[in-house]
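Each chain, written out:
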Amino acid sequence: MQSRDIISSLARFFVIGFVIIPIIISIFMSVYHSGTSTDSNGNHATSSARVPKTPKIDKSEKMQADRLNLIERLQREGIFGDIIPRSSGATIVVKPAFYTLDFKDKQSFVSVVYAYYFDGLTPYTPILLRDSRTNNNIGSFTVELGLDIK
């Protein structure tokens, strides 16, 4: 009877020690290393899945024309004033009507300006917002963070 208990205990020890624990360790290591890779020099690099990618924006002639039409309409309606291009991106001078919009509309309209002026090379450069009355900066827009109004 005791020999069966000893064999049963040894079998459990074997299963736990040589089967279950290595499986748990391999799962842990797989999850841990899924975010990194090693280059040819043995250096660890972050997985491309974690690195933000440059946004894909349709810069076709028709889309750019549609964006420009909307921007000009927003300027006629007193939502935007001048839009000042910078080396990358732009500064939007916002008029009093801008403040009457809900946040979703503000973000949507500013994102159209971003898409129009985005050069495809510097995705993290923000669109800046400046108040037409005070000439103060009131916020910014980036694809990563969206609209940020002070």
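Reading the values: the criteria
Residues numbered from 1 in each chain as written. Predicted model: local features only at pLDDT ≥ 70, side-chain atom pairs only at ≥ 80, totals over all residues. Heavy atoms only, no water. Helix = DSSP H or I, 4+ residues; strand = E, 2+ residues; numbered from the N terminus. Buried < 20%, exposed > 50% of the residue type's maximum accessible area, 1.4 Å probe, protein only. Polar contact = N/O pair within 3.5 Å; in protein donor to acceptor, adjacent residues only side chain to side chain. Contact = heavy atoms within 4.5 Å. Pairing = 2+ DSSP bridges. Salt bridge = Lys/Arg side-chain N within 4 Å of Asp/Glu carboxyl O.

Undergrad: Please give an account of unusual backbone geometry that cites residues and values.
TA: Not every positive phi belongs to a glycine, and Asn135 is a case in point at roughly 65 degrees. Checked against the element boundaries, Asn135 lands in the loop between β5 (127–131) and β6 (137–142). You can call Asn135 exposed: its relative accessible area is 52%.

Undergrad: Account for the side chain of Asp131, with residues named and values stated.
TA: With respect to the element layout, Asp131 can be found in strand β5. The exposure class of Asp131 is buried, given its relative accessible area of 4%. A polar side-chain atom of Asp131 sits 2.8 Å from the main-chain amide nitrogen of Thr134. Apart from the residues within four sequence positions on either side, Asp131 is in contact with Val93, Val94, Tyr99, Asn136 and Ile138.

Undergrad: So, the pairing of strand β7 (residues 146–149): which residues are in play, and what are the values?
TA: Pairing analysis gives four bridges linking β6 to β7, with the strands arranged antiparallel. Note on β7: the bridge partner recorded for Gly139 is Ile149. Between β6 and the antiparallel strand that follows it, β7, lie three residues.

Undergrad: Please give an account of the pattern of salt bridges that cites residues and values.
TA: Per the counting criterion, the structure on display carries three salt bridges. Asp131 is the partner of Arg133 in a salt bridge, and the nearest nitrogen-oxygen pair spans 3.6 Å. Overall, Arg133 belongs to the exposed group, its relative accessible area being 58%.

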